[in-house]
Amino acid sequence: MKKETFLSFVKKNGLRKYIKWLGIFAKCCIAKILLVFIGKNRKYKDLWVFAERGNDARDNAMHLFRYVCKKCPDVNAVYIITKDSPDLKNVQDVGRIVYHGSWQHYLCYLVAKKKVSAHIFGGAPERNLFLRMDHVSFLKKLFVKGKYVFLQHGVTQADGPWLHRDKVRFDLFVTVSKREEQFVIERFGHPAQCVKSLGFARYDALPLTHQKTKKILLMPTWRHYLSKCTAEDFEKTDYFKSFNSLLNSERLLSLLDQYGYELIFYPHFEMQKFLHLFTIPEKNVIAASFENYDVQKLMIECDMMITDYSSVQFDFAYMQKPILLYQFDREAYQSGHQGKGYFDPDQDAFGPVAKSLDDVVVHVESMLSQDCRMSDQYMERMKSFFLYNDTQNCLRNFNAIKEL
């Protein structure tokens, strides 16, 4: 891995960030000094730190934290989350929590033996700075300690430069299938011993049998090239036009009414800021916000899913429920967000692929008429993809982390 000098590190990231990071660096130094005196305290000994983005608790890290607190109480575990997080209720009665950005956060992060996260920054007080510390020799020796465990946020389907070994280093990279595992090793450059197919911790909470609820989940993923759009520019995009047209399709609304179904629209976390721009029909359609709805609960409740490229399709397939992919912009998505990978939607997807609004409606009608059951063709694809389809994912994850 190419090493940066401190001067080039500062020059590369700009003066404003340097001033901000200088303050964070000072906090790290103070925390490091404090640990000389209090580091042997029981609450810092053999510490495992769990986190997601820092403001949420609804993903693999939260599920594994709950498992550890319940099944392995001897493990000194702590969960990092912001004070104002809508997900605080998910963890505050489970085990010890520490507020993101607090002095306790710095102390816990610097002393932790295991840093366990669903995201690449591992619950750091400042995500970008701590990622870059791994590239600066003296900072790495001073601050980058412990084992880094990447639980993943979603199944890796294609190349992502931010996950390459020269960008991030993990001691454990969790996958759900042998195909995904091999892809991560070969494309991202992570050592084979660090990449293991264990299954996602959150899968343990997914029921493998389902009672019909008459609900359809519409959950498109995000686009790098749209995340910084203004509201005015966003309304001009194919993304907005396509999904807004789908939400207001008279044919689709008629099908919902005919079969007694409700459509729940829940855009990706990064696109939630545009939710208010969509026109939501008064009947049979709900706009679901991040603050008020939990994505896993929605997936468990719904009979059918419509998505585009989102890895939530794997969660839904794990429950053996039908999926429809609406990929009206595949070329733009692959060139501007995430390229082609080992997972080919036309050959590997767990449901049909629609390229137009008319196709979506045709497939929805077919699925509703079949009582939203996954066909044998897609059931076989699901079974051949996942290495495991059980409720032992947390156990496998825990054992692998313990052995590090």
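Here's a quick rundown of the structure. Please read these numbers as outputs of a predicted model, since none were measured by experiment.

Let us now look at the sheet that holds strand β7 (residues 195-197). The seven strands are arranged β3-β2-β1-β4-β5-β6-β7 in an open sheet whose pairing can be described as parallel. Each of the sheet's edge strands pairs with one partner strand only, and the pair in question is β3 (96-99) and β7. Averaged over all adjacent pairs, the angle separating strand axes in this sheet is 25 degrees, with direction ignored. Bridging between strand β2 (residues 76-81) and β3 involves four bridges; their strand directions are parallel. Within β3, the position partnered with Y79 by the bridge is I97. Sheet contacts for helix α8 (residues 178-188): β6 (172-175) and β7; angle to β7, the most-contacted strand, approximately 170 degrees.

Scanning the entire structure with this criterion turns up 17 salt bridges. A salt bridge links D315 to R202, with the shortest nitrogen-to-oxygen separation between them at 2.6 Å. Of this pair, D315 sits in helix α13 (residues 312-318) while R202 sits in the loop between β7 and β8 (215-218), placing them 113 residues apart in sequence. For the pair formed by D315 and R202, the shared burial category is buried. The network of salt bridges with shared partners includes D59, R202 and D315.

Describing two packed helices takes the angle between their axes plus the distance from one axis to the other. Following both chains from N to C, one finds helix α11 (residues 250-259) and helix α16 (residues 357-369) inclined at 10 degrees, their axes separated by 10 Å at the closest point. On the basis of their axis angle, the class for α11 and α16 is roughly parallel. Residues R251, L252, L255 and Y259 of α11 pack against D358, V361, V362, V364, E365, L368 and S369 of α16. The residue makeup of the contact of α11 with α16, split by class, is seven nonpolar, one polar and three charged.

Here β6 shows no split at all, with L172 and V174 on one side and F173 and T175 on the other all buried. Note: strand β5 (residues 147-150) against β6, two bridges, orientation parallel. Residue pairing in the sheet places F150 in a bridge with F173 of β6. With respect to chirality, the unit in which β6 leads through α8 into the neighbouring parallel β7 is right-handed.

Per the counting criterion, the structure on display carries 37 aromatic pairs. For the ring pair F314 and F350, a centre distance of 5.5 Å and an interplane angle of 80 degrees mean the geometry is edge-to-face. Taken together, the residues span a long stretch of sequence, with F314 in helix α13 and F350 in the loop between α15 (345-348) and β13 (353-354) at a distance of 36 residues. Exposure remark for F350: the relative accessible area of 2% places this residue in the buried category. A cation over a ring is seen here: R53 above F269, with NZ or CZ 4.1 Å from the ring centre. Lying across the ring of Y109, K115 places its NZ or CZ 4.9 Å from the centre.

Each value, and the rule that gives it
- Throughout this description, residue numbers start from 1 for each chain and increase along the sequence as written.
- At least 70 in pLDDT is required for a residue's local features to be given in this predicted model, at least 80 for side-chain atom pairs to be given and counted, and no such filter applies to totals for whole chains, interfaces and linings, which use all residues.
- Computation of side-chain values: all heavy atoms of the structure, hydrogens and water removed.
- A pair of strands counts as paired when DSSP detects no fewer than two bridges linking them.
- For helices the rule is a DSSP run of H or I covering at least 4 residues; for strands it is a run of E covering at least 2, with both sets numbered from the N terminus onward.
- Only C-alpha atoms enter the line fits that serve as axes; for helices the fit covers just the stretch in contact. Angles between N-to-C directions range over 0 to 180 degrees.
- Contact criterion: two residues are considered in contact whenever any of their non-hydrogen atoms come within 4.5 Å of each other.
- A side-chain nitrogen of Lys or Arg and a carboxyl oxygen of Asp or Glu constitute a salt bridge if their distance falls within 4 Å.
- Buried means the residue's accessible area, taken with a 1.4 Å probe over protein chains only, is under 20% of the maximum for its type, while exposed means over 50%, and partly exposed covers the values in between.
- Each angle receives one of four descriptions, namely roughly parallel if under 35 degrees, roughly antiparallel if over 145, roughly perpendicular if within 65 to 115, and oblique otherwise.
- Each residue gets one label: Ala, Val, Leu, Ile, Met, Phe, Trp, Tyr, Cys and Pro are nonpolar, Asp, Glu, Lys and Arg are charged, and the others, such as Gly, are polar.
- Handedness of a crossover: with both strands directed away from the viewer, a clockwise path from the first strand across the helix to the second marks it as right-handed.
- Put simply, two rings from Phe, Tyr or Trp (the six-membered ring, in Trp's case) pair if the centres are within 6.5 Å, and we call them stacked under 30 degrees between planes, edge-to-face over 60, tilted for the rest.
- Charges are assigned to positions over rings by a cutoff of 6 Å between ring centre and Lys NZ or Arg CZ, combined with an angular limit of 35 degrees from the ring normal.

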